[in-house]
Amino acid sequence: MKKVVIRAGKERSLLKRHPWVFESSIARGGGDSGETVRVEAADGRFLCWAAFSPQSQIRLRAWSFDEAERIDAAFFGRRIEQAVAMRARLPIASDAWRLVHGEADGLPGLVVDRYGDTLVAQFASAGAERWKHAIADALLAVTGLTRLYERSDAQAREWEGLPVQTGWLRRSADDDGATALTIREHDWRLTLDVAEGHKTGYYLDQRDSRRRFADAVKQYGVKTVLNCFSYTGGFSVAALAGGAQQVVSVDSSGPALARATAHVALNGFDASRHETWDADVNATLRRCLAESRRFDAIVLDPPKFAPTAAHAERAARAYKDINRLAFMLLNNGGLLYTFSCSGGIAPDLFHKIVAGAGLDAGVDGYIVERLCAAADHPQTVCFPEGDYLKGLGILKR
Ligand code: SAH
C-alpha cells in the first residue's frame, strides 16, 4: 500500500473529518491516478484511506477515517446502501431524487441521480473513476434497477485530468436505450433527456423550493411572474400551479425554453399564460426597467457565479446587480425568490449581497423564506463546503 505523509500541522482538517487534502499540505508520497493510499501525519499516525489525484489541486479525497476499513468493492456497496437507505426515510414528493451526493455520502467525486427507473452517474474524481465498475455494479445491486447512464462531463473531470465520458454504463440486452424520460415532481409532470440536459438532466436540488414558490404564489396572490434562468421551466410550472396568470421564462438556452413550453402544455395549462424569452437575463432586466415593466414575483436562479471562494468577489458584484434590478422591477408587496448555488458564497455573505442590492435599489423587504437544497442533497456536519445552494424568499415592502 502506498503512503502519503501530510506536513506537520496540516493534518488538522483531516482530524476534523474534512475529506479534502490540498497539494500544498502534502510532505511526501503519492500514487497512480485514483489509487487508494494510506495517509499519515508527520508523526506516523494513521489519518485516513484516500484516493490520490495526481493532477488536481485537491490531491487527496478521503474514503474512510477508519484504519480497519478496506477500500474494496464491498466498501462501495456499503456506502451506496447507506445513501439509498437515507433517501428511503425522506418524504420526497417525486419519483426522481439524488441517490448519492458526493462527500455528504462518504463518496467524494460521485453523484448519482435517479429518474424513475433510470440512474445517471457522474464520476468526477480520479478515485471515483478508478472504482467506476464496482460502483456501477453496487448501484444496480442495491436499487434492483438495470439502467445506468454515465454523464462524466462535468468540468471537475478536466481538473482531474480525466476525459469526458458519456453513454450507457449498464442496461439490459432488451433495453431500447431511450434517454428521454418523464418524471413526476409534486403534482407536476416534467421531461428531461439524460443524454443532453444540464448536469444529469434536471435540477433536482430545487424541488422543495419550487413547491414553496407555488404555495407562495397562491398565498400572496401573485399574478405576474418573471422566472429568470428558468432552464426547462420548473419554477414556471410551479407559478402556474399556484395560480399565476402570466409567466415569463427567461433563459439563454433555446432547447431548455422549448422544453419549458412543452411542460406548460403537459401540465394542462393554457399556452397563453406563458411566454419564453431566449435572452440574456442581465440585458432582459435592464430592458424591462427601461420599458417600465413590473412583476408581482421574480425568480433569480443563476448558474454558479463563484465556482470557488477565490471567485467570490466578482461573483458578489454579479449577484448584487441582478438582485438590485429585480428589486426595482417588483411591484410593492411583490415576491423575490433569489438563489445562489455558489459554494464560495456562504449564506450570510449572500444575505449581505442581497442587502446591498436592496440598499442600492432603495427598497427593503421582509424575509419570508430561507431556502436550501432539498434533503436528498444532504449537508453534513463535517463538510460545511457542501452547503452550496442557498436562497431567500423576500416580500418587497
Ligand atoms: N431554475 C432552473 C435551473 C436554473 S440553472 C430550474 O429550476 O430547473 C441556470 C440556467 O441559467 C441554465 O438554464 C442556463 O442556460 C441559464 N443561463 C446561464 N447564464 C445565463 C444568462 N446570462 N442569461 C440567461 N440565462 C442564462
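Residues numbered from 1 in each chain as written. Predicted model: local features only at pLDDT ≥ 70, side-chain atom pairs only at ≥ 80, totals over all residues. Heavy atoms only, no water.

The following threshold applies: UniProt positions are given in the numbering used here, feature names are shortened, and annotations may be inferred rather than shown by experiment.
Per an unreviewed UniProt entry, the protein chain carries the name Class I SAM-dependent methyltransferase and comes from Pelomonas cellulosilytica. Under the UniProt heading Subcellular location (unreviewed entry), the entry covering the protein chain gives this text: "Cytoplasm". Of the protein chain, the UniProt comment under Sequence similarities (unreviewed entry) reads exactly: "Belongs to the methyltransferase superfamily. RlmI family."

### Topic: the UniProt feature "domain: PUA" (unreviewed entry) in the protein chain
Formally: Under the DSSP-based scheme used, a helix requires at least four consecutive residues in state H or I and a strand at least two consecutive residues in state E, with every element numbered from the N terminus.
Following the UniProt record, one finds the feature "domain: PUA" (unreviewed entry) at residues 2-85. The span residues 2-85 is 20% helix and 36% strand, and its two end C-alpha atoms sit 33 Å from each other.

### A few points about the site of the ligand
The following threshold applies: Near is defined per residue: the residue qualifies when any heavy atom it owns lies within 4 Å of the molecule or strand. N or O atoms closer than or at 3.5 Å make up a polar contact, with two conditions inside protein: a donor-capable atom paired with an acceptor-capable one, and, for residues adjacent in sequence, both atoms drawn from side chains. The accessible surface values rely on the Shrake-Rupley method and a 1.4 Å probe; as for residues, cover is taken only from the protein chains in view. Here the nonpolar group is Ala, Val, Leu, Ile, Met, Phe, Trp, Tyr, Cys and Pro; Asp, Glu, Lys and Arg are the charged ones; every other residue, Gly included, is treated as polar.
The ligand sits among 15 residues. The nearest are Arg210, Asp251, Asp280, Val281 and Asp301. Within the backbone of Phe229, an N or O atom sits 3.2 Å from a nitrogen atom of the ligand. Asp280 places a side-chain nitrogen or oxygen 2.7 Å from a nitrogen atom of the ligand. Summarising the interface, the protein chains cover 87% of the accessible area of the ligand, which totals 580 Å² for the free molecule. For the shell around the ligand, the class distribution of residues is 7 nonpolar, 4 polar and 4 charged.

### Focus: the packing of helix 10 (residues 312-329) against helix 11 (residues 347-361)
Which entries qualify depends on this criterion: Angular values range over 0 to 180 degrees, each being the angle between N-to-C directions of two axes fitted as lines to C-alpha atoms, with helices fitted over their stretch in contact. The cut-offs work like this: below 35 degrees is roughly parallel, past 145 is roughly antiparallel, 65 to 115 is roughly perpendicular, and the gaps in between are oblique. Crossing handedness: left-handed means the near helix sits turned counterclockwise from the far one by under a right angle, and right-handed means the same turn made clockwise. Whether two residues are in contact is decided by their heavy atoms: any pair within 4.5 Å suffices.
Across the interface, helix 10 lies against helix 11 with an axial gap of 8 Å and an inter-helix angle of 45°. Here helix 10 is positioned oblique relative to helix 11, judged by the angle of their axes. Handedness of the crossing formed by helix 10 with helix 11: right-handed. Only Phe350, Ile353, Val354, Gly356, Ala357, Gly358, Asp360 and Ala361 of helix 11 make contact with helix 10, whose side of the interface consists of Ala316, Tyr319, Lys320, Asn323, Arg324, Phe327 and Met328. A breakdown of the residues in the contact of helix 10 with helix 11 according to their chemical character gives 9 nonpolar, 3 polar and 3 charged.

### Some remarks on helix 2 (residues 73-88)
The condition that has to hold: One less than the residue count of a helix, multiplied by 1.5 Å, gives the span that helix is expected to have. Only protein chains enter the accessibility calculation, which uses a 1.4 Å probe. A residue is then buried if its area is under 20% of the maximum for its type, exposed if over 50%, and partly exposed in between.
With 16 residues, helix 2 should cover 22 Å at 1.5 Å per step; its first-to-last C-alpha distance of 23 Å lies within 8% of that length. Every buried residue belonging to helix 2 is among Phe75, Phe76, Gly77, Arg79, Ile80, Ala83, Val84 and Arg87, and all of these are buried. The elements touched by buried residues of helix 2 are strand 6 (58-64), strand 7 (96-101) and helix 4 (132-143).

### Structural notes on the environment of Trp168
Tracing the sequence through the fold places Trp168 in strand 11 (residues 165-170). A residue is classified by how much of its surface remains accessible, and Trp168, at 21% relative accessible area, is partly exposed. As for Trp168 and His186, which are separated by 18 residues in sequence, their C-alpha atoms are 28 Å apart. Contact partners of Trp168, with chain neighbours within four places excluded, come to Thr118, Arg147, Leu148, Tyr149, Gly177, Ala178 and Thr179.

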